[in-house]
Amino acid sequence: MDNPEAYIAMMESWRSLASEFGQLAVAALILPIVFLRNIIGVPDGQGLANKINKWLYISWALLFVSIGLSMAYQSTAICKIGLVSGLGTGFACKFNPHIIFTAFFISFALGILAFIVGALKSLKD
């Protein structure tokens, strides 16, 4: 590695970004419920199961995947930083951080897109 300090700084900034988007994905899990209750107007005592369409379920699934990938990326980044710093390695060092981060970001973006499609379908129905 030509410049370990630059590599560590880069991995730290991407790890921080993955952490922030992971937290955003956790918060986005409640979007369908808030949307159905506050925008569509489903009363608090009424169940939501018959109002949730397949796109909202897909949104939840993709957001859960993105949360898992965010955690995997953070573990891999920390391991790679430790490897460059000479502090040892771990199981997560076997993964490619670029692939994990790309998969994480794509699943997050698709989860938000699925929510938008589901919300628009709910408005139409």
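Residues numbered from 1 in each chain as written. Predicted model: local features only at pLDDT ≥ 70, side-chain atom pairs only at ≥ 80, totals over all residues. Heavy atoms only, no water.

Engineer: Explain the overall build of the protein to me, using residue names and the numbers behind them.
Structural biologist: Helix and strand content of the protein: four helices and zero strands. Scanning the protein from its N terminus toward the C terminus, one meets helices and strands in the order α-α-α-α. Against the compact-globule benchmark of 14 Å for 125 residues, the protein has a radius of gyration of 19 Å, which places it well outside the compact range. Oriented by its inertia axes, the alpha-carbon framework of the protein measures out at about 60 × 25 × 20 Å. Per-residue burial for the protein yields a buried fraction of 35% across its 125 residues. By sequence separation, contacts in the protein at least 24 residues apart represent 76% of the contacts at least 6 residues apart. Accessible area for the protein stands at about 7,400 Å²; split by element, carbon and sulfur atoms hold 68% of it. (Helix = DSSP H or I, 4+ residues; strand = E, 2+ residues; numbered from the N terminus. Rg over C-alpha atoms; globule rule 2.2 N^0.38 Å. Buried < 20%, exposed > 50% of the residue type's maximum accessible area, 1.4 Å probe, protein only. Contact = heavy atoms within 4.5 Å. Areas by Shrake-Rupley, 256 points an atom, 1.4 Å probe, with all protein chains shown as cover.)

Engineer: Explain the packing of aromatic side chains residue by residue, including any values.
Structural biologist: Under the criterion given, the structure shown has seven aromatic pairs. With centroids separated by 5.6 Å and ring planes inclined at 75°, the aromatic side chains of phenylalanine 21 and phenylalanine 105 adopt a geometry described as edge-to-face. Of this pair, phenylalanine 21 sits in helix 1 (residues 4–28) while phenylalanine 105 sits in helix 4 (residues 97–124), placing them 84 residues apart in sequence. Consider the rings of phenylalanine 21 and phenylalanine 108, whose centres lie 5.2 Å apart with planes at 80°: the pair is edge-to-face. Taken together, the residues span a long stretch of sequence, with phenylalanine 21 in helix 1 and phenylalanine 108 in helix 4 at a distance of 87 residues. (Phe/Tyr/Trp six-rings, centres within 6.5 Å; stacked < 30°, edge-to-face > 60°.)

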